[in-house]
Amino acid sequence: MPDQSAAPARRVLVTGGAGFLGSHLTRLLLSAGHRVTVVDNFSTGTRANLAHLAHLDALTVLDHDIEVPLDLEVDQIYHLACPASPVQYQRDPVRTLKTCVVGSFNVLDLARRTGATVLLASTSEVYGDPAVHPQDEAYWGNVNPMGPRSCYDEGKRCAEAAFFSYREQHGMPVKVARIFNTYGPGMRADDGRVVSNFVVAALHGEPLRVLGDGSQTRSFCYVDDLVDGLVRLMETPEDVTGPINLGNPDEHTVLELAEMVIALAGAPGAHLEHGPLPVDDPTRRCPNIERAQWVLGWKPSTTLGEGLAATVRWFRERAA
Ligand code: NAD
Ligand code: UDP
């Protein structure tokens, strides 16, 4: 963690702060002494994610859709509002696209008026099904603009373009983080992403459904590492805009992940089964994090084994 004790207390807005990453980030910012306003429409996030912080005067939670302009006095904005699970973002693709695009314009207009530094939670999905491996920030990506993932990946590409256009035209302090698959305690049991699906199924002694033959890869980052990276990026000098990849370069096949989860959490009856591979499912994904290491002094410190064990523990306690 950067030494936040030296940083003055700030008024920080976290859009999507009731979600998985947003709630962890909010906890970290409050623990560093900042005042945090969470703006969320609770479409995939919950008030329960913030319940352990609700007693703090420094936290304000607003029920607000980011597609609607908002007006607050703030010093920093972390813009996370957007469903991240393919199952969730494909439920209402038009809304997802509007959240990415209109939501980013609203956040940027707020930042412009207040002078706040604004950080976009972008995604490795901007690289699509990558032809370059591992992916570095200079790679322009391989995205299907008409496929089922396009509401999200093209939405985030447009959001990045909006951030860099406001920077270019208005000279604003903007930061863009490209986040790779992140997991950990606090994911919804019905979130739909692979780690929570596998852990919940294993604990219930149900089949872990590996989509395709399981040879596709992902690189999984533990949530505490990730939110540390976001704060480090926010605290960089104004000329550091990114994009900067944030993720764990430890790459695994989905099949390996399933086997690790069974070994850690498999109740009697838990076993692997296969289902059809979703359309446009990226074949390989792994971040090159040299830029994050160099610019932020950041790299993940939690191994997949440690992070999965903590995640399993968390889900097990909830199920008890
Ligand atoms: P999440 O679904 O748990 O959280 C998203 C939050 O945004 C939820 O609280 C949801 O209610 C809120 N939200 C959605 N649409 C909104 C709207 N129109 N107005 C206000 N609030 C809205 O997802 P997450 O994993 O916490 O992801 C957070 C951000 O990080 C997203 O922008 C996502 O694209 C990005 N990201 C996450 C990952 C990951 O692996 N977790 C990877 C890449 C990028
Ligand atoms: N996946 C799977 N079983 C599941 C959910 C996902 O095999 O229950 C696969 C999915 O096809 C993809 C990988 O796991 O190849 C990661 O999926 P996730 O939805 O977590 O995120 P993505 O990286 O695809 O956005």
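Residues numbered from 1 in each chain as written. Chains lettered and ligands numbered in written order. Predicted model: local features only at pLDDT ≥ 70, side-chain atom pairs only at ≥ 80, totals over all residues.

This next bit is on the overall build of the protein. Along the backbone of the protein there are nine helices and 13 strands. For the protein, the C-alpha radius of gyration of 19 Å lies close to 20 Å, the compact-globule estimate for 320 residues. In terms of overall dimensions, the protein has a C-alpha envelope of 55 × 45 × 35 Å along the principal axes. Within the protein, the fraction of its 320 residues that count as buried is 48%. Taking as baseline every contact in the protein between residues at least 6 positions apart, the subset at least 24 positions apart corresponds to 81%. (Helix = DSSP H or I, 4+ residues; strand = E, 2+ residues; numbered from the N terminus. Rg over C-alpha atoms; globule rule 2.2 N^0.38 Å. Buried ≥ 20, exposed ≤ 12 C-beta atoms within 10 Å, placed from the backbone. Contact = placed C-beta atoms within 7 Å.)

Bringing the pairing of strand β1 (residues 11–15) into the picture now. Burial of β1 is extensive: four of the five residues sit out of reach of the surface. Bridging between β1 and strand β2 (residues 35–40) involves five bridges; their strand directions are parallel. Within the sheet, the bridge partner assigned to L13 lies in β2 and is T37. (Pairing = 2+ DSSP bridges.)

Our focus in this paragraph is the sheet that holds strand β4 (residues 76–79). Read from one edge of the open sheet, seven strands run β3-β2-β1-β4-β5-β6-β11, paired in parallel fashion. Across the chains shown, the open sheet's two edge strands, defined by having one partner strand only, are β3 (59–63) and β11 (244–246). Shown here is a sheet whose adjacent strand axes are inclined to one another by a mean of 20°, direction ignored. Examined bridge by bridge, strand β6 (residues 174–179) and β11 share three bridges and lie parallel to one another. Within β11, the residue paired with R178 across the bridge is N245. Sheet strands touched by helix α1 (residues 20–31): β1, β2, β3, β4 and β5 (117–123). Its angle to β2, the strand with the most contacts, is close to 165°. With respect to the sheet, helix α3 (residues 93–114) is in contact with β1, β4 and β5, its orientation differing from that of β4 by roughly 170°. (Axes fitted to C-alpha atoms, helices over the stretch in contact; angles between N-to-C directions.)

In this section: the site of ligand 1. If you check the shell around ligand 1, you find 28 residues, and the closest are G16, G19, L21, T44 and G45. Of all elements in the fold, only α1, α3 and β5 reach the threshold of two or more residues within the shell around ligand 1. Top contributing element to the shell around ligand 1 by residue count: α1, with three residues. (Near = placed C-beta within 6 Å.)

According to UniProt, the feature "domain: NAD-dependent epimerase/dehydratase" (unreviewed entry) maps to residues 12–247 in the numbering used here. Between the first and last C-alpha atoms of residues 12–247 the distance is 24 Å; the span itself is 34% helix and 19% strand. (UniProt positions renumbered as here; feature names shortened; annotations may be inferred.)

As a structural note, the neighbourhood of ligand 2 is formed by 14 residues, with R193, V194, N197, L211 and Q216 the closest of them. Those elements giving two or more residues to the shell around ligand 2 turn out to be α5 (194–203) and β8 (208–211). Considering each element in turn, the shell around ligand 2 owes the most residues, three residues, to β8.

Attention now goes to the nonpolar core. In terms of nonpolar packing, the biggest core is built from 82 residues, with I77, A177, F198, V199 and L230 touching the most fellow members. Apart from residues no more than four positions distant in its own chain, I77 is found in contact with L13, V107, L110, A111, A116, V118 and L119. (Core = buried A, V, L, I, M, F, W, Y, C linked by C-beta atoms within 7 Å.)

Packed helices, taken two at a time, are described by the angle their axes make and the gap between the axes. Axis separation between helix α7 (residues 254–265) and helix α9 (residues 304–319) bottoms out at 10 Å; the angle between their running directions is 50°. Considered as vectors, α7 and α9 are oriented oblique to each other. As for the relative orientation of α7 and α9, their crossing is right-handed in sense. Facing M260, V261, L264 and A265 of α7, the residues of α9 in contact are L304, L308, A309 and V312. Of the residues belonging to the contact of α7 with α9, the class tally is eight nonpolar, no polar and no charged. (Parallel < 35°, antiparallel > 145°, perpendicular 65-115°, else oblique. Left-handed = near helix turned anticlockwise from the far one by under 90°. Nonpolar A, V, L, I, M, F, W, Y, C, P; charged D, E, K, R; others polar.)

Tracing the backbone through its elements, the reader meets N288 in the loop between β13 (272–275) and α8 (290–296). N288 sits 42 residues away from L246 along the chain, and the two C-alpha atoms are 8.8 Å apart. In this structure N288 touches P134, Q135, D136 and N245, once residues within four positions along its chain are discounted.

All right, on to the environment of H79 then. The topology assignment puts H79 in strand β4. Spatially, the C-alpha atom of H79 lies 9.9 Å from that of C100, the residues being 21 residues apart in sequence.

Turning our attention to α9. For α9, spanning 16 residues, the distance from its first C-alpha to its last is 22 Å, which sits close to the expected 22 Å at 1.5 Å a residue. Among the residues making up α9, those that are buried are L304, G307, L308, T311, V312 and F315. All buried residues of α9 project into a common sector of 135° when viewed along the axis, lining one side. Seen from the open side of α9, the exposed residues pointing more than 90 degrees away from its buried face are G305, E306 and E317. Looking at the buried side of α9, the elements it contacts are β7 (182–183), α5, β10 (221–222), β12 (251–253) and α7. (Expected span 1.5 Å × (residues − 1). Arc of directions from axis to C-beta.)

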